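# Remarks on the overall topology
So the chains spell out like this:
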Amino acid sequence: MNKTILKVKNIKKTYNSKIVLDVDYLAFQEGKIYAIVGPNGSGKTTLLNILNLLEKPDEGQMFFYDQEINKKSNFDILEIRRQMTLVNQDPFLFHYTVYNNIAYGLKIRGTPPKIQQNRIKNALNMVGLPGFENRKANQLSGGEAQRVVIARALAIKPEILFLDEPTANIDQRHIDVLERIIKTINKEIKTTVIFTTHNLSQAYRLADEVISLLDGKIIKQVPENLLWGEIIEEDGSKWFNVVENIKFAVVTEKVGSVYVSIDPRYIILSYEQFQSSARNSFLGKITKIIEQNHLVKLEVDIGVPLVTIITRESFQDMNFNLGSKVYLTFKASAVKLY
Amino acid sequence: MVFIIEGIQKAFQLIFTLDKEIFIIVLLSLRVSLIAIFFSSLLGVYLGFLMAVKDFWGKNFTIASINTLLALPTVVVGLTVYSFISRKGPLGVLGLLFTPSAMIIGQFILATPIIIALTHSAVQGIDERVRNTALTLGATESQSAWMVIKEARYAVLAAVITGFGRVIAEVGAAMMLGGNIKGSTRTMTTAIALETSKGEFGFGIALGIILLIIAFSINILLHYFQSKRV
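## Description of the overall build of chain A
- Across its full length, chain A carries eight helices and 20 strands.
- Referenced to the eigenvectors of the C-alpha coordinate spread, the extents of chain A come out at roughly 75 × 45 × 45 Å.
- Every one of the 338 residues in chain A was classed for burial, and the buried ones make up 33%.
- The contacts of chain A with a sequence gap of at least 6 include a subset with a gap of at least 24, amounting to 70%.

## Structural notes on the overall build of chain B
- The secondary structure content of chain B amounts to 11 helices and zero strands.
- Listing each helix as α and each strand as β along chain B from the N terminus yields α-α-α-α-α-α-α-α-α-α-α.
- Its C-alpha atoms give chain B principal-axis dimensions of roughly 70 × 45 × 25 Å.
- When each of the 230 residues of chain B is scored for burial, the buried share is 41%.

## Comments concerning the interface of chain B and chain A
- The interface of chain B with chain A comprises 13 residues on the first partner and 18 residues on the second.
- When residues of the side of chain B that touches chain A are traced back to their parent elements, those giving at least two are helix H6 (129–136) and helix H7 (141–151) of chain B.
- For the side of chain B that touches chain A, the leading source of residues is H6 of chain B, giving six residues.

## What about the domain arrangement of chain A?
Residue and element names in this part refer to chain A.
- Parsing chain A into structural domains produces domain 1 (4–219) and domain 2 (226–337).
- Here domain 1 and domain 2 have C-alpha centroids that lie 35 Å from each other.
- Contacts between domain 1 and domain 2 engage four residues on the former and four residues on the latter.
- Each residue belonging to the side of domain 1 that touches domain 2 can be placed in one class, and the counts come to two nonpolar, two polar and no charged.

## A word on the packing of helix H2 (residues 20–53) of chain B against helix H8 (residues 153–168) of chain B
Residues and elements named next belong to chain B.
- The geometry of H2 relative to H8 is characterised by a closest axis approach of 9 Å and an angle of 140° between their N-to-C directions. One way to sum up the angle between H2 and H8 is to call them oblique. In this structure, H2 crosses over H8, and the sense of that crossing is right-handed. Residues Ser29, Ser33, Ala36, Ile37, Ser40, Ser41 and Val45 of H2 form the contact with H8, whose own contacting residues are Val156, Val160, Gly163, Phe164, Val167 and Ile168.
- Classifying every residue of the contact of H2 with H8 by side-chain character gives eight nonpolar, five polar and no charged.

## Details of the sheet that holds strand E5 (residues 67–68) of chain A
All names here are of chain A.
- If you trace the four strands from one edge of the open sheet to the other, you get E2-E1-E4-E5, paired in antiparallel fashion. The strands lining the two open edges of the sheet, one partner per strand, are strand E2 (18–29) and E5.
- The pairing of strand E1 (residues 4–15) with strand E4 (residues 59–64) spans five bridges and is classified as antiparallel. Residue pairing in the sheet places lysine 7 in a bridge with phenylalanine 63 of E4.
- On the sheet, helix H1 (residues 44–51) packs against E1 and E2 and is oriented at approximately 125° with respect to E1.

## Some points on the confidence of the model for chain B
Residue and element names in this part refer to chain B.
- When pLDDT is averaged along chain B, the result is 92, and 99% of the positions lie at 70 or above.
- Within chain B, the lowest mean pLDDT, 87, falls on helix H1 (residues 2–16), and the highest, 96, falls on helix H5 (residues 100–124).
- As a predicted assembly, this complex carries a pTM of 0.73 together with an ipTM value of 0.73.

## Here's the deal with the pairing of E1 of chain A
- When E1 of chain A meets E2 of chain A, the two strands line up antiparallel, connected through 10 bridges. Directly across from lysine 13 of chain A, in E2 of chain A, lies its bridge partner leucine 21 of chain A.

## So, the environment of valine 148 of chain B
Residues and elements named next belong to chain B.
- With respect to the helices and strands, valine 148 occurs in helix H7.
- For the pair formed by valine 148 and phenylalanine 61, sequence separation is 87 residues and the distance between their alpha carbons is 24 Å.
- Beyond its immediate chain neighbours, meaning those up to four positions away, valine 148 contacts Val123, Ile126, Val130 and Arg131.

## Regarding the sheet that holds strand E13 (residues 246–249) of chain A
Residue and element names in this part refer to chain A.
- If you walk across this open sheet you meet the five strands as E13-E12-E11-E14-E20, and the pairing is antiparallel. Two strands bound the open sheet, and with one partner strand each, they are E13 and strand E20 (335–337). Ignoring strand direction, the axes of neighbouring strands in this sheet form an average angle of 45°.
- Where strand E14 (residues 256–262) lies against E20, three bridges are found, and the strand directions are antiparallel.

## Some points on the confidence of the model for chain A
- Residue-level pLDDT values for chain A average 90, and 99% of them are 70 or greater.
- Summarising per-element confidence for chain A, the mean pLDDT is lowest in helix H7 (residues 200–206) of chain A (82) and highest in strand E7 (residues 160–163) of chain A (96).

## What to know about unusual backbone geometry
All names here are of chain A.
- Although it is not a glycine, asparagine 16 adopts a positive phi angle of roughly 45°.
- Relative to the assigned elements, asparagine 16 resides in the loop between E1 and E2.
- Phi at glutamate 165 is positive, roughly 45°, even though this residue is not glycine.
- Take glutamate 165: it is sitting in the loop between E7 and helix H6 (172–189).
- Taking the number of C-beta atoms within 10 Å as the measure of exposure, glutamate 165 has 19 and is therefore partly exposed.

## Section: helix H11 (residues 201–228) of chain B
Residues and elements named next belong to chain B.
- Taking 1.5 Å of rise per residue, the 28 residues of H11 would be expected to cover 40 Å, and the 40 Å separating its terminal C-alpha atoms lies within 8% of that figure.
- Taken residue by residue, H11 has Phe203, Gly204, Ile205, Ala206, Leu207 and Ile210 as its buried positions.
- The inward-facing, buried residues of H11 contact H1, H2 and helix H10 (188–198).

## Considerations on the packing of H6 of chain B against H7 of chain B
Residue and element names in this part refer to chain B.
- Interhelical geometry of H6 versus H7 gives an angle of 135° and a closest axis separation of 9 Å. When the axes of H6 and H7 are compared, the pair comes out oblique. In the crossing of H6 with H7, the sense of the turn from one axis to the other is right-handed. Contacts between H6 and H7 involve Val130, Arg131, Ala134 and Leu135 from the former and Gln143, Ser144, Met147, Val148 and Glu151 from the latter.
- Looking at the contact of H6 with H7 residue by residue, the classes come out as five nonpolar, two polar and two charged.

## A short note on H7 of chain B
- Within H7 of chain B, burial applies to Ser144, Met147, Ile149 and Glu151 of chain B.
- At its buried positions, H7 of chain B is contacted by H2, H6 and H8 of chain B.

## Regarding the environment of phenylalanine 274 of chain A
Residue and element names in this part refer to chain A.
- Locating phenylalanine 274 in the fold gives a position in the loop between strand E15 (268–270) and strand E16 (280–292).
- In this structure phenylalanine 274 comes out as exposed when scored by C-beta crowding, with 11 C-beta atoms within 10 Å.
- Taking C-alpha positions, phenylalanine 274 is 8.8 Å from threonine 329, a pair spaced 55 residues apart along the chain.

Basis of the calculations
- Throughout, residues of each chain are indexed from 1 in the direction in which the sequence is written.
- Each chain gets a letter, beginning with A, and each ligand a number, beginning with 1, in the order they are written.
- In keeping with the model being predicted, local features are shown solely for residues with a pLDDT of at least 70 and side-chain atom pairs are shown and tallied solely at 80 or more, while totals for entire chains, interfaces and linings include all residues.
- Note on conventions: DSSP H or I runs of at least 4 residues are helices, E runs of at least 2 residues are strands, and numbering of each starts at the N terminus.
- For every residue, the other C-beta atoms within 10 Å of its own C-beta are counted; 20 or more classify it as buried, 12 or fewer as exposed, and values in between as partly exposed. C-beta atoms are placed from the backbone.
- Residues are defined as contacting one another if the C-beta atoms placed from their backbone atoms lie within 7 Å.
- Residue ranges for the domains originate in an automatic or database domain assignment.
- Nonpolar residues are Ala, Val, Leu, Ile, Met, Phe, Trp, Tyr, Cys and Pro. Charged residues are Asp, Glu, Lys and Arg, and all others, Gly as well, are polar.
- Angular values range over 0 to 180 degrees, each being the angle between N-to-C directions of two axes fitted as lines to C-alpha atoms, with helices fitted over their stretch in contact.
- Convention used here: angles under 35 degrees read as roughly parallel, angles over 145 as roughly antiparallel, angles from 65 to 115 as roughly perpendicular, and any remaining angle as oblique.
- Left-handed describes a crossing whose near helix is turned anticlockwise from the far helix by less than a right angle; the clockwise case is right-handed.
- Pairing between two strands requires that DSSP report at least two bridges joining them.
- As a per-residue measure, pLDDT tells how confident the predictor is, with possible values from 0 to 100.
- The span you would expect from a helix comes to 1.5 Å times its residue count less one.

Written as structure tokens, this is what we have:
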């Protein structure tokens, strides 16, 4: 049984009299990977800063193992803070060599130079950048810089590694590399990893547990078909633009970037496109079939994967198979905005 | 015309024969200005840093005042310090007037606003993420502040060098507070003023050349640090 390494109770944070975070209870177990998901402004970064002891909540209690942090002296809090580290979304490398960047956390902890050298070497190996010690920070590519930042965090051997949107600003190739690194860190040195992401599938791929935040509160379950995109106005109506060439008709007053979800029970499947009042209809291919008791869950790729749920009876009647080409139809009002 | 050419000849002669009097004056000038700059840097970098990172009541007014002090006439500093340390002044008992210490005080007052103002803008130009990154890696508040100054190191050095350039070349305060006493408070600039009025052009030109070489070196250094800024 893993021990609880970090726990918060009833924490609240308010900025300019707006509640940005209101979490009743949250516990993290040693050695696990956690993903915190939620739209922009849902309080993810604030939560990370509070967990990492960089910001104080206005109310509530926090525990590191069994020690109540609020009751500690500043010196003890610094000691606890030094057992964790946060890698920001838009990370910064000091204008030094890679070596001196990674050495920083060790120097301020008074680590002897011999040990520093070793730790720096190991950290660079772990992120797949051996021999990068003497490179200057400004000579690195974006993906390399991201990995050096993680090496810098690993060198101090944190109990908990926080990563704020670690893959937000890098290309797909580096995302794969970074996901592998996160897995390795957790497996090989048993670091507890807590990261935030926009990408739900990434969250489920990497994490043992997914925590969803919405408007500063933890929501019990992530809705299916949660998508991130842009509300645009065209021909006098509002559209939700997910990826290029795919846009859903929606009913909203909002503009800009939003999350939407589509209840899988409200999506109709058919072989032929049919005339109806529903304004959204897309051709796609069935990529996954999961049978659950009397319901069947189908994943259909229309450019983005969408999940639909139909009864076992209609699944059998329609004779759907993997790879079948089908139309998905749903009303604009079935698209729920956050 | 002839006296100018003779003066220049005499000047090179003095420089290349390492004339003792000239070098006493040069060393005294450097000593006074370096000590003044040392203390100005301690205070100026600290205050400039605080002004950049802290918000306080009257901040804009303070910045405007500091910027005004950049153009502070050296004779006004001389006058002010003089009135304090002259025998009748409130600090008269210390007997500072016409000592190198008096010149150091005057030059300290001249250089500090420059270092404050330039450090302020140097630190303001530093990425906000520096402080935050240091904190996430376990730095204390003061360790993270030190990291910000280190990130601004070239620009802060440029601020210190600019301050030095101002005080090594000023004459008003040094003359009024030091009194131009031979061997004790005679600096390059005050000596040039005196020797010129005596008609000793060679001596004046020699010091002028040395002063120019120093100024040139300072500017080369400054240029080097400013180019490293980016």
